[in-house]
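Here are the chains, one letter per residue:
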Amino acid sequence: MKTRAQLRTERQQQQKKKPRTLWRVLISAALILLWLTGAGLGGPLFGKIDEVSSNDSTTYLPDSADATEVQAALGDFLGSDSIPAVVVFASDDEIDDALKDELTSALEDATTAEGVKDGSSPVIVSDDGLAAQAFVPIDTDADIGDVSTALSSDLRETVPDGVDVYITGPAGFTADLVAGFAGIDGILLLVALAAVLVILVIVYRSLLLPVVVLSTSLFALCVALLVVWWAAKFDILLLSGQTQGILFILVIGAATDYSLLMVARFREELHATQNRWTAVAAAWRGSFEPILASGGTVIAGLLCLLLSDLKSNSTLGPVAAIGIVFAMLSALTLLPALLGLFGRAAFWPKRPKYEPERIADANPLEGRGLWPGLARGIRKRPRLIWISTAIVLAIAAVGVVQLDAKGVPQSDLVLGASEARDGQAVLGEHFPGGSGSPAYVLVDEDRLQDAADVLLGDDSVDGVSVTAEDSPSGSAPVTEDGITAFGPPGTPAPEPTVIDGRVLLQGTLTDAADSADAEATVERLRADLDATGAKVGGVTATAVDTNTASIHDRNLIIPVILGVILVILMLLLRAVLASVLLILTTVLSFGSAMGVAALLFNGVFQFPGADPAVPLFGFVFLVALGIDYNIFLMTRVREESKRHGTREGILRGLAVTGGVITSAGLVLAATFAALSVIPILFLVQLAFIVAFGVLLDTFIVRSLLVPALGYDIGRAIWWPSKLSRRDAEPAVERDVQSAAEPAAAKAEEPGLG
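Everything numeric here is computed off the predicted structure, so don't read it as measured data.

Below, the discussion takes up the packing of helix α20 (residues 613-644) against helix α22 (residues 681-713). Geometry of a packed helix pair, given as the angle between the helix axes and the separation of the axes. At a minimum axis separation of 9 Å, α20 and α22 run at an interaxial angle of 30°. Accordingly, the angle class assigned to the pair α20 and α22 is roughly parallel. Two packed elements cross with a definite hand, and for α20 against α22 that hand is right-handed. Of the residues in α22, those in contact with A613, V614, F617, G618, F621, L622, G626, Y629, N630, L633 and M634 of α20 are F682, Q685, L686, I689, V690, G693, V694, D697, T698, R702, V706 and P707. Along the lines of polarity and charge, the residues of the contact of α20 with α22 split into 15 nonpolar, six polar and two charged.

With 154 residues, the main nonpolar core has Y258, L302, I324, F617, F621 and F672 as its most contacted residues. If one sorts the elements of this core by residue count, α20 sits on top with 18 residues.

On to the environment of P210, then. Topologically, P210 is positioned in helix α7 (residues 208-233). The exposure class assigned to P210 is buried, which follows from its relative accessible area of 0%.

So, about unusual backbone geometry. Apart from glycine, the bulk of residues carry a negative phi angle, and the bulk of peptide bonds sit in the trans form. For the bond from W348 to P349, the omega torsion is 15°, close enough to zero to count as cis. One can find P349 in the loop between α11 (316-342) and α12 (356-361). The omega torsion across W719 and P720 is 5°, close enough to zero to call that bond cis. Structurally, P720 is set in the loop between α22 and α23 (731-746). Phi is positive for D235, close to 60°, though the residue is something other than glycine. As for its position among the elements, D235 is in the loop between α7 and α8 (241-272).

What follows is about the side chain of S579. As for its position among the elements, S579 is in helix α19 (residues 576-603). Taking relative accessible area as the criterion, S579 reaches 0% and is therefore assigned buried.

On to the pairing of strand β4 (residues 163-168). Where burial is concerned, most of β4 is hidden: five out of the six residues are buried. Across six bridges, strand β1 (residues 82-91) lies against β4 in antiparallel orientation. Bridged to V88 within β4 is Y166.

The subject of this paragraph is the environment of L36. Among the secondary structure elements, L36 is positioned in helix α1 (residues 4-42). Put simply, L36 and F219 are 183 residues apart on the chain and 7.3 Å apart in space, counted from C-alpha to C-alpha.

Moving on, we come to a nonpolar patch on the surface. On the surface, a cluster of nonpolar side chains totalling about 450 Å² of accessible area is made up of L22, W23, L26 and I27. Residue placement: W23 occurs in helix α1. For W23, a relative accessible area of 56% translates into the label exposed.

The rules behind these values
- Residues numbered from 1 in each chain as written.
- Predicted model: local features only at pLDDT ≥ 70, side-chain atom pairs only at ≥ 80, totals over all residues.
- Heavy atoms only, no water.
- Axes fitted to C-alpha atoms, helices over the stretch in contact; angles between N-to-C directions.
- Helix = DSSP H or I, 4+ residues; strand = E, 2+ residues; numbered from the N terminus.
- Parallel < 35°, antiparallel > 145°, perpendicular 65-115°, else oblique.
- Left-handed = near helix turned anticlockwise from the far one by under 90°.
- Contact = heavy atoms within 4.5 Å.
- Nonpolar A, V, L, I, M, F, W, Y, C, P; charged D, E, K, R; others polar.
- Core = buried A, V, L, I, M, F, W, Y, C linked by side-chain atoms within 4.5 Å.
- Buried < 20%, exposed > 50% of the residue type's maximum accessible area, 1.4 Å probe, protein only.
- Pairing = 2+ DSSP bridges.
- Patch = residues over 30% accessible without salt bridge, like charges linked within 9 Å, V, L, I, M, F, W, Y side chains within 5 Å.
- Areas by Shrake-Rupley, 256 points an atom, 1.4 Å probe, with all protein chains shown as cover.
- Salt bridge = Lys/Arg side-chain N within 4 Å of Asp/Glu carboxyl O.

Take a look at the structure:
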């Protein structure tokens, strides 16, 4: 029997612990309430993102680009802030005067709709008489997608039978993009969350824990969206549909990955201690460094995008970095609070048992599972495994030379059916391909004729005009003899519109504005016009400048990211050799993913090419996120190496982290794969590259290549740290430490699990 003194001591200890437990509950409740408030404010903004976002490519060009300068001047010259829609009529029979009058009447009725500005052109019949076109200005402040759809629908209802109607040109392709991004805050989120939920249920075999983890990710996304939305509202950040989709996927995937690591540590601690709050604290200490290092690495890589000339890239960096910050915060604050309140009940129906003796004596390499077996296989033949794995990855990487990342036509940006693409094809059959999307040339007034002569002398330019306010059509033809009159004989030639001493020429190209031939024409015109000081803008010039900036960004940012991540790894692992090897294996993994992607894009999916930004974005996410799993592995390996020696520590680290890192990889791959539900070529390609690359990194690089290579090298991998010169702590010290942990756990308050 216990003495009175012992009973009195126990009561005193329990009375001291009750206030401590109460404070923990109150702090956890406060954290949950804080996150609930943030999520409540951010959640309603999902349906309002289009209010602060833009998909206009000219807004993302660097200020120094010629197309940017020309675009800024268009509003002054053209007299309105509008985007042109090219209405194309295709007829089975020749369009005579009577049919032309009917088309004109239908167009006049349709252009009275809200969002359509005054100044539509007359109906222009093609030379073969089988098609006609008209240019309709659409207000840029209106919903271009809705206006284009309404215009197309109204015209189809009123034109005679046998006439097909298409809306193409800049407004038509913008409408396609708007429609493509329409499901980004609906179907994209649903698919991503459903995929993650299924994986979590399979991993945990629990009903409550997947909801807890998914709630952590959703709350992080809502609060991140709250910050990003208001930053875009006040023009601090630029937001596009592309950036929005990547933000959603990145936050869900990263927050879930960090949560998986925390939950795995929590489950381990519940086996070693009875008190759930002690288990939460120990799990937090064990997860803090790898989560912080992982998130910090991703943030550092993303912020390297600030070096980009393209604003679509440079603004993605801080937007995505904000998302990662809240993903880390939710995993380190909200999730521990929820786990502390639920305790072992979170794992129901398979609650972790309190088994300190078994845990203290357990050797993870003696288990029957996949990862202990893989670790034992690496112990037997490490060199064979890492060499053969590296050779296979290197062979796959050879395919990267087949990647065509020089840009794609605007008409191919949206996958599936496209009215704008079909309309452009019809337009090209009956009119100059560049109709409705001319090359704009901004030139000094006294060099007008010099610039016009250059345009007229190019075989790929069908005609040249100059903006003129006093002309009925708003422009006047320019020939080798100068500006010509538009009207009956004797009509005086109109004066060109002059603003700040400059005039605006328009050159209609013979090729489609988004074609490679048109881009070559613009580059040639720029070279020929260099002596006149003219600036060339327009749809084609914007594409040329965008591709040039993308290639510059790719060549600059990729080496910078590698250098930044290398420094972070050196600081984290305190080892030069290990850090260099991890970088090299990650780059090899990226090369393999890009090589396989190139072969599939060309041979299976038959894609028309890739945007120059695809390799850059793929590199940023694969290297920054791929290095995460190496960080998760190697921080645990370093911890185990201090106790058991480097080679034993590598195998133990692999066996212990194999399950959680694989689950994290599956989650991240599934979330990025969800991007493919958005029918935008860039996002579909990025989805495949990142999803496949993450799986490759998870199952091959981190599971085979890195452990086998590290085991083969031995403790020298930690050079030049002290760990490279000693193998492990003294066995006695380890035994004392192991025995102390269960003893400390038993001293805690029982019955709170």
